[in-house]
Amino acid sequence: MANTYENISTPLPWYGTLGLLELFDNKYYFNGVRVMVDPQSLHSAATKIKELCRQENLSASEVMTYYFPELVGELLTEPTITGDHQEKEIIEYSVHYQIECDEQEVMAYLSKQFEANPSEQNEQQYSWVGDWYVYEDSELNLPIRIGNVYGMMLLKQRKLIFTSLLRDKATEFQSLVEANIPVKLLKMEQKKINIPFQAEFKNSVIAMDKQIPAYFSIYAQNSTLLNVDEPIPMYNDLSLHSLIETDRADQADLWLKQSEYKLFKNVFEQFGEVEITADFNTVRKKLNLPISLFVTGGTNRITSIKKEVRNFVDEEDIPFLEQLGFTPSTVNSFYANDLLEFFKEKTIGKSETTVRKYQGSLYELRYLLEETPLTSWEECTSVFWEHLLSVDYIQLFENMNKTQLKDLFSTLKALAKWLNKRYKTDIGKNVISVIQKNESDFIEAIEALKSIILYRRKENYPNINLPKLIAKHKRLDGLFEVVKCNTDSIEVKKIDSHQKRYIVTLFDHEVKEMKQGLIFAAEMAVDEIDRYHITELHHVYPPLAKRFLLEMMVTIR
């Protein structure tokens, strides 16, 4: 083909036409009417040719000759989309406030909580940015950062307006602002917006070095959407990966061609001809599809998009975070800022005793929360707190005293009320309820743990004749539930058995602290009169723990 502007004005990836080629001076030129179209339209015309070949029993060449006007019309016809897949509705939520304090106070709060944007005179704009991602490209020496924007704020003429496509974020913003700024709610609005069904409406913020060409911001944003497992509406929500697995690789290939064409065209219209094109070969290699020759770098082009771990901490907060055991890898967890602010509020200017109480309890809570996959306080259900306190917390320590337990429960109840007030919700009710219902059982478990004296220590007691233990194979270890308390012994059974009971000999003061339903993680040995003695004791759990311990046993099996 002759590469001239008259022949092909602007070469775009994967586009084409239906036309007549004429050889002149060893090069081909288009002769007559032609129109260059995108890959999807070209595919539709090709499908039409196959249909006519089948219907009219003609060759492809004959069809293109006899039906040329109809085929050109097919190229120019927009795909018809009907029914549910024609368009979809999204809702924009907005919250309007009247400021009832100095605007500088509002600006100070918003600047600390959110990202400030370039603004016009007499107004301030902010973005609520959630997760950040890092885009890396083998054609660049520096990464590009992309932030998902939850919502936008406009502060102007003593009015604060928040807009978002996420209803839960609009509600969360209300809780934050109304708890921290003197404002008056003016109105809340919902605006319905209809967009093409296949369109994605996503607000992002880009941060990149000035050395990087501006058009790379489009490449980075496209990379966040180019997910092989993301459902594609036009293919009944099958993903690229699913199309490959269901032997529809041709459709996956067409979708990528159409995407590459659109992106290239968009960049060309904004920036003209650019030195480096977008990468579609990384995803093509993942799917084992032929690479695109339009991609700069060819088969060697590599791009990636990964979630960023951010470690932005105010310097003055570092000592407090260290006291609570936070590290750079955990300081961005959902609970970090709440525990920090709560700790500072409760301890700054207070006695060493108060500081130790809150530091110890919050340190333990932070450690336990790190072991969970949760991402918000809303996920902390009653069952979560029951498991955390009755199993995870008990297993933290070999020895525990009543003061330590009471400090933890007191701290947790104060934290729960503080969270409720801060977010104007009742997210703290679950932990308060669990503690109120079970605190006495926890104390009984602690007292029982303290009272038990191991057999080898009893052997050293003067004037006490202990029965001798027999063969080692008669020893038992496991989880034992107290089912009955006698004068000088208790009766226990393994928690996963309803059959055999074991009589465990104890001193009077030990029996006094025993309660039915307590669970021992222990090792026992039998004596000559078929009574058992505790030789090792690891933990004593309250009755609440039984269901979770049984679940753990089933999982291990």
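That block above? That's the structure.
Conventions we followed
- Residues numbered from 1 in each chain as written.
- Predicted model: local features only at pLDDT ≥ 70, side-chain atom pairs only at ≥ 80, totals over all residues.
- Heavy atoms only, no water.
- Buried < 20%, exposed > 50% of the residue type's maximum accessible area, 1.4 Å probe, protein only.
- Helix = DSSP H or I, 4+ residues; strand = E, 2+ residues; numbered from the N terminus.
- Arc of directions from axis to C-beta.
- Salt bridge = Lys/Arg side-chain N within 4 Å of Asp/Glu carboxyl O.
- Core = buried A, V, L, I, M, F, W, Y, C linked by side-chain atoms within 4.5 Å.
- Contact = heavy atoms within 4.5 Å.

(A) Expanded view of helix α4 (residues 103–113). Within α4 the residues assigned to the buried category are V106, M107, Y109 and L110. Down the axis, α4 shows its buried residues gathered within 165° of arc, on one side only. Turned more than 90 degrees away from the buried face of α4 sit Q104 and K112, all of them exposed.

(B) Summary view of the pattern of salt bridges. For the structure on display, the rule yields 23 salt bridges. Here E510 ties to K458 by a salt bridge, and the two come within 2.8 Å at their closest N and O atoms. You can see E510 sitting in helix α17 (residues 508–512) and its partner K458 sitting in helix α16 (residues 455–458), a full 52 residues away along the chain. On the basis of relative accessible area, K458 is assigned to the buried category, the value being 5%. The closest approach of N and O atoms between K493 and E481, which form a salt bridge, is 3.5 Å. Remark: E481 occurs in strand β11 (residues 476–485) and K493 occurs in strand β12 (residues 489–494); sequence separation between them is 12 residues. Here K493 falls in the buried class, since its relative accessible area comes to 11%.

(C) The arrangement of the nonpolar core in detail. Counting 77 residues, the largest nonpolar core has M153, L160, F173, L339, L365, W377 and W385 as its most contacted members. With 10 residues, helix α14 (residues 402–423) is the largest single contributor of residues to this core. Residue contacts for W385: discarding those within four places in its chain leaves L365, W377, C380, L412, N430, V431 and V434. Core analysis: the next-biggest nonpolar cluster, separate from the first, contains 28 residues, I218, L226, V267 and A278 among them.

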